[in-house]
Amino acid sequence: MSERLREKLSILADAAKYDVSCSSSGSDRKNTNKGVGNGHYSGICHTYTEDGRCVSLLKILLTNHCIFDCAYCVSRKSNDIERAAFTVDEVVELTMNFYRRNFIEGLFLSSGIFKNADYTMERLLRVVKKLRLEQNYNGYIHLKTIPGASDELIKEAGLYADRMSINLEMPTETGLKLLAPDKSHKDVIKPLGFVQNQIVQFKEEKKLIKSVPKFVPAGQSTQMVVLVLHLLKKLFRLDNLENYTSIN
Ligand code: SF4
């Protein structure tokens, strides 16, 4: 692996660790004695499949560049952090190399939004398509849905991913506006409903026609930001946050 790719992996695996749609291994034990294994704190995490197996995933962002400024997110545009972006081919190469060496059994791929939602979603789609169609990769893929991406791109991605997720972030539109002013509540809610409808529709069609492909066979998930009320009050000098105590 080139030095630059190693550097990108370090930045983009670290940035992905805050997404808890799957649980992280969380250890910082390093291999300093030329022994076996390395419980490094980011990059590989574990999740449970539908049949109860625990599998290890390469957990990365395509990029931590983002045009949005969500207050709770380390990748927000106003945060002064080191930025990086993988190319589509780099993600494919990393996944295949780690998979062949038995380091991972799947890929968890998310991304900051660069340029716009469709531009980002299209790149995520290209990664999963390349893996499935060119590399004949049959391992597990959990793909993040980019809020605001078109139905067509989401639908196509669902034919290659095992699981998809989109972060609901906040239960109300007002709450979302407060902490993620660039995000539209509709752009988050709509894909959730769309993917769910497609899952039902594909399942129904498959009962009638065997050749209908699987759509997001492991289902979809979401996550919400958990607010620490007094911390937010301090940070943003807000006195009217009582509405959100219910999700603490
Ligand atoms: S859109 Fe996603 S990556 Fe960008 S700042 Fe918001 S939560 Fe972070």
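Before going into details, it helps to say that this report is about the structure given with it. (Residues numbered from 1 in each chain as written. Predicted model: local features only at pLDDT ≥ 70, side-chain atom pairs only at ≥ 80, totals over all residues. Heavy atoms only, no water.)

Details of the packing of helix H2 (residues 88-100) against helix H3 (residues 117-134)
- The interhelical angle for the contact between H2 and H3, taken along N-to-C directions, is 40°, at an axis separation of 9 Å. In terms of their interaxial angle, H2 and H3 are classed as oblique. Between H2 and H3 the crossing geometry is right-handed. Side by side, H2 and H3 meet where Val88, Asp89, Val91, Val92, Thr95 and Met96 of the first sit next to Arg123, Arg126, Val127, Lys130 and Leu131 of the second.
- Counted by class, the contact of H2 with H3 contains six nonpolar, one polar and four charged residues. (Axes fitted to C-alpha atoms, helices over the stretch in contact; angles between N-to-C directions. Helix = DSSP H or I, 4+ residues; strand = E, 2+ residues; numbered from the N terminus. Parallel < 35°, antiparallel > 145°, perpendicular 65-115°, else oblique. Left-handed = near helix turned anticlockwise from the far one by under 90°. Contact = heavy atoms within 4.5 Å. Nonpolar A, V, L, I, M, F, W, Y, C, P; charged D, E, K, R; others polar.)

Let's talk about the site of the ligand
- Neighbouring the ligand are Cys66, Phe68, Cys70, Tyr72, Cys73, Arg76, Gly112, Ile113 and Lys183.
- For the shell around the ligand, the per-class residue count stands at six nonpolar, one polar and two charged. (Near = heavy atom within 4 Å.)

Some details on the environment of Met96
- Among the secondary structure elements, Met96 is positioned in helix H2.
- What makes Met96 buried here is its relative accessible area of 8%.
- When the C-alpha atoms of Met96 and Gly106 are compared, they prove to be 9.7 Å apart, with ten residues separating the residues in sequence.
- Apart from residues no more than four positions distant in its own chain, Met96 is found in contact with Leu131, Gln135 and Tyr137. (Buried < 20%, exposed > 50% of the residue type's maximum accessible area, 1.4 Å probe, protein only.)

Some details on the packing of H3 against helix H4 (residues 151-158)
- Running from N to C, H3 and H4 point in directions that differ by 20°, and their axes come no closer than 10 Å. On the basis of the axis angle, H3 is roughly parallel to H4. Classified by chirality, the crossing of H4 by H3 is left-handed. In this structure, H3 uses Asp118, Met121, Glu122, Leu125 and Lys129 to contact H4, whose residues at the interface are Leu153, Glu156 and Ala157.
- Looking at the contact of H3 with H4, its residues break down into four nonpolar, no polar and four charged.

Thoughts on the side chain of Thr95
- Relative to the assigned elements, Thr95 resides in helix H2.
- The residues contacting Thr95, other than those within four sequence positions of it, are Leu58, Ile104, Leu107, Leu131 and Tyr137.

Some remarks on the side chain of Thr63
- One can find Thr63 in the loop between strand E3 (54-61) and H2.
- Residue Thr63 is classed as buried on the basis of its relative accessible area, which comes to 1%.
- Within the structure, the side chain of Thr63 is placed 2.8 Å from the backbone oxygen of Ala84, a separation counted as a polar contact.
- Apart from residues lying up to four places away in sequence, Thr63 is in contact with Leu12, Ala84, Ala85, Ser111, Gly112 and Phe114. (Polar contact = N/O pair within 3.5 Å; in protein donor to acceptor, adjacent residues only side chain to side chain.)

Digging into unusual backbone geometry
- Despite not being glycine, Asn102 shows a phi value in the positive range, around 70°.
- Among the secondary structure elements, Asn102 is positioned in the loop between H2 and strand E4 (106-110).
- For Asn102, a relative accessible area of 66% translates into the label exposed.
- Here the phi dihedral of Lys115 falls at roughly 65°; this positive angle occurs in a residue that is not glycine.
- Examined against the element boundaries, Lys115 turns out to sit in the loop between E4 and H3.

Remarks on the pairing of strand E5 (residues 140-144)
- In terms of residue burial, E5 counts as a mostly covered element, since five of its five residues are buried.
- Burial along E5 is two-sided: the residues Tyr140, His142 and Lys144 and Ile141 and Leu143 are all buried.
- Where E4 meets E5, four bridges bridge the pair, whose relative direction is parallel. Note on E5: the bridge partner recorded for Phe108 is His142.
- Taken together, E4, H3 and E5 constitute a β-α-β crossover, and its handedness is right-handed.
- Examined bridge by bridge, E5 and strand E6 (residues 163-165) share three bridges and lie parallel to one another. When the sheet's bridge partners are listed, Lys144 is paired in E6 with Ser165.
- Assessed by its sense of winding, the connection that carries the chain from E5 through H4 to E6 is right-handed. (Pairing = 2+ DSSP bridges. Right-handed = clockwise from strand over helix to strand, strands pointing away.)

Keep in mind that these numbers describe shape and distance, not what the molecule does.
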